[in-house]
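Here are the chains, one letter per residue:
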Amino acid sequence: MADQFLGFDLSTQQLKGIIVGSDLKLLVEAKVDFDADFGAKYGIHKGVLTNPDEGEVFAPVALFLEAIDLVLQRLKEQGADFSKVQGISGAGMQHGTVFWSHDAEHLLKNLDAGKTLLEQLEGGAKGERKGAFSHPFSPNWQDASTQKQVEAFDATLGDAHNLAQATGSKAHHRFSGPQILRFHTKYPSAYAATSRITLVSSFLASIFLGRIAPMDISDVTGANLWDIKNGRWHEDLLALAGGPNGIDDLRSKLGSVPEDGGASFGTISSYFTQRYGFPSSTQIVAFTGDNPSTILALPLRSSDAIVSLGTSTTFLMSTNAYKPDPAYHFMNHPTTAGLYMFMLCYKNGGLAREHIRDAINSSSPSSEDKSWDAFNAAATSTSPLGQSADSDPMRLGLFFPRPEIVPAVKAGVWRYTYTPSGGLSSAEGKADAWPVPQADARAILESQFLSLRSRSQALVEPQGKLPAQPRRVYLVGGGAANAAIAELAGQVLGGAEGVFKLEIGGNACALGSAYKAAWGVQRKEGEKFEDFLEQRWDEKSFVRKVAEGYREGVFERYGEALKGFEALERVAIEEKGEGKGEELAKDLGLDEGIVRPN
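So, here is what we can say about the structure in this document. (Residues numbered from 1 in each chain as written. Predicted model: local features only at pLDDT ≥ 70, side-chain atom pairs only at ≥ 80, totals over all residues. Heavy atoms only, no water.)

### Remarks on the side chain of Thr 146
Logical step 1: By the secondary structure assignment, Thr 146 is in the loop between strand E8 (137-139) and helix H5 (147-156).
Logical step 2: Reaching out from Thr 146, the side chain makes a polar contact with the backbone oxygen of His 173 at a distance of 2.8 Å. (Helix = DSSP H or I, 4+ residues; strand = E, 2+ residues; numbered from the N terminus. Polar contact = N/O pair within 3.5 Å; in protein donor to acceptor, adjacent residues only side chain to side chain.)

Structure representation (structure tokens):
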């Protein structure tokens, strides 16, 4: 009987499950779409509930419970044989928190296979039945209700720079530390009734384990509470988040964090062996965050980069250099001690591109409303930076239909031309210099990739005789199928070996979880995840080269544009730097919804 491994991805809008074999090839996959399957029942939109007056975004934990049973049912309907599954791991949207009651451990340990998870773990609406949760909702990564708490976190260590040095990131609204601080201030009785606090990833692991699972060594670094260099909870930040309840109380609620990202937490709960037929020996391997899991879907080497092109855009690299900065994130690597994960996260990704696509289609009546053909043609037929000749000014733009994280600015559009000798000049309303919307197609792709290049250039290395750049650029997510995006990625970012698209499975995050489960169960003593993966990696089946990377002259020209691009970002910050108060509600993009990138 060939061993199989199951990976999950619990994201904002879906729960996905993927099963792979020992050769890592995809066997079965299924998903639950929260809006389609449960939208009417829970009143959710884009997977969440909102309280715009306070900037709150959250999801019912009951929704997650129902989705777990349903995705397993659908996997079985697709032909999954759970009796062959030897290991399970998973990923959860980063920064979400779940608050467990004092009854949680007892309820998890004594689940009845004849009933659903929801029937047994959700508390009664009027308190007639105790449940496993002290609070029925999980704050979502889009939440922006914690401005005061964020300011307190930065101030505790002096400023945002010091906090980033210690925890890998400056304070963010969505991070679990500020969320916990606000939770016990707003809901003191619920906080007192809380026995444990987990992330969404460790919540999911807890369900399958049948007891509260530890947080993962990588996912924990998205909380502003973990001292990365010293590998422990940061005492000063625990004191802040724990408030009058104290450091020891919060530390006990958070639990310990194992250093080994491939450690088995134990065997699967009897609920799943009896209800679904999993072997009692199935190992539950540490569940991690969605972004850490995504980098596990590929055998990343030094200077390799992943660009995740969803509604938002995420840039990921594995590196042994710890160079934190308030502008981006550093996290512990999810499997390999001594490595770190560098991450940039942008709200303006696919949505911004779609706005320009729609504007181009509106100006061309023959184009289909949602077709990318006209956008792609405009992007690829325009010369780099809009220059017909080397002496022409460069077109540089910023396109933010929603407020951005990197840089931290409110919504807006900036169209400028730039020359190294003359600096920036506004091109708004100048049709000859900047024909709108046709010129926007190339400009937005260049803008998004120039931002990635600017912030990652200190981490990439020379590739042989070529200048410093990624060895490979891997594209994942919905935008990875767009040939024009792949072409521009290679021109701006480079890529000594080219630009590649992940071909196996439609979800890199869940795939990375399945690979992590396989490594956790099958690894030899001391075997690193990267070595394990490369030994089983089928290059021809798993990835496809979709564009050339480095182009001599073109890459260097974009390098010349970086100084102008960085100056343009400073203009945007001066004009529309991040606001507070009512702007935080707008920052959510609640009228359109936000999808976490995979």
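More follows now that the structure is in view.
### Quick look at the side chain of Asn 361
Logical step 1: Following the sequence through the fold, Asn 361 ends up in helix H14 (residues 350-363).
Logical step 2: Judged by its relative accessible area of 4%, Asn 361 is buried.
Logical step 3: Within the structure, Asn 361 has its side chain in polar contact with the backbone oxygen of Ser 371 (distance 3.0 Å). (Buried < 20%, exposed > 50% of the residue type's maximum accessible area, 1.4 Å probe, protein only.)

### What about the nonpolar core?
Logical step 1: Core analysis: the largest hydrophobic core is formed by 91 residues, its most contacted members being Phe 153, Leu 225, Trp 233, Leu 254, Val 307, Phe 449 and Leu 475.
Logical step 2: At eight residues, helix H16 (residues 438-456) tops the list of elements feeding residues into this core.
Logical step 3: Other than its neighbours up to four places away in sequence, Phe 449 contacts Val 307, Ile 485, Leu 488, Ala 489, Val 492 and Leu 493.
Logical step 4: Ranked by size, the runner-up nonpolar core spans 61 residues in total, among them Leu 10, Ala 30, Leu 121 and Leu 209. (Core = buried A, V, L, I, M, F, W, Y, C linked by side-chain atoms within 4.5 Å. Contact = heavy atoms within 4.5 Å.)

### Description of the packing of aromatic side chains
Logical step 1: The tally for this structure, following the rule as stated, stands at 30 aromatic pairs.
Logical step 2: With 6.3 Å between their ring centres and 70 degrees between their planes, Phe 38 and Tyr 42 make a pair best called edge-to-face. Taken together, the residues Phe 38 and Tyr 42, both in helix H1 (residues 34-42) and four residues apart, mark about one turn of the helix. Each member of the pair, Phe 38 as well as Tyr 42, carries the same accessibility label: buried. (Phe/Tyr/Trp six-rings, centres within 6.5 Å; stacked < 30°, edge-to-face > 60°.)

### Focus on the state of the cysteines
Logical step 1: In the structure shown here, the tally under the stated rule is zero disulfides.
Logical step 2: Looking at the unpaired Cys 345, the closest cysteine sulfur is the one in Cys 509, lying at 13 Å.
Logical step 3: The class for Cys 509 is buried, based on a relative accessible area of 0%. (Disulfide = S-S within 2.5 Å.)

### Regarding the sheet that holds strand E19 (residues 394-400)
Logical step 1: Taken in spatial order, the three strands of this open sheet run E19-E20-E21, and their pairing is antiparallel. Each end of this open sheet is capped by a strand with a single partner; those strands are E19 and strand E21 (423-426). Going across the sheet, the axis of each strand differs from the next one's by a mean of 30 degrees, ignoring polarity.
Logical step 2: Summarising the sheet, strand E20 (residues 412-419) and E21 pair through four bridges and their orientation is antiparallel. Paired with Thr 419 across the two strands is Gly 423, which belongs to E21.
Logical step 3: Along the sheet, H16 contacts E19 and E20; its crossing angle with E19, the most-contacted strand, is approximately 80 degrees. (Pairing = 2+ DSSP bridges. Axes fitted to C-alpha atoms, helices over the stretch in contact; angles between N-to-C directions.)

### Some thoughts on the packing of H1 against helix H2 (residues 61-77)
Logical step 1: Between H1 and H2, whose axes approach to 11 Å, the crossing angle comes to 140 degrees. Considered as vectors, H1 and H2 are oriented oblique to each other. In this structure, H1 meets H2 at a crossing whose hand is right-handed. Contacts from Phe 34, Asp 37, Phe 38, Lys 41 and Tyr 42 in H1 reach Ala 62, Leu 63, Phe 64, Glu 66, Ala 67, Leu 70 and Arg 74 in H2.
Logical step 2: When the residues that make up the contact of H1 with H2 are grouped by side-chain class, the tally is eight nonpolar, no polar and four charged. (Parallel < 35°, antiparallel > 145°, perpendicular 65-115°, else oblique. Left-handed = near helix turned anticlockwise from the far one by under 90°. Nonpolar A, V, L, I, M, F, W, Y, C, P; charged D, E, K, R; others polar.)

### Things to note about unusual backbone geometry
Logical step 1: The step from Val 436 to Pro 437 runs through a cis peptide bond, and the omega angle for that step is 5 degrees.
Logical step 2: With respect to the element layout, Pro 437 can be found in the loop between E21 and H16.
Logical step 3: A positive phi angle is found at Lys 46, which is not glycine, with a value near 55 degrees.
Logical step 4: You can call Lys 46 partly exposed: its relative accessible area is 28%.
Logical step 5: Phi is positive for Leu 385, close to 60 degrees, though the residue is something other than glycine.

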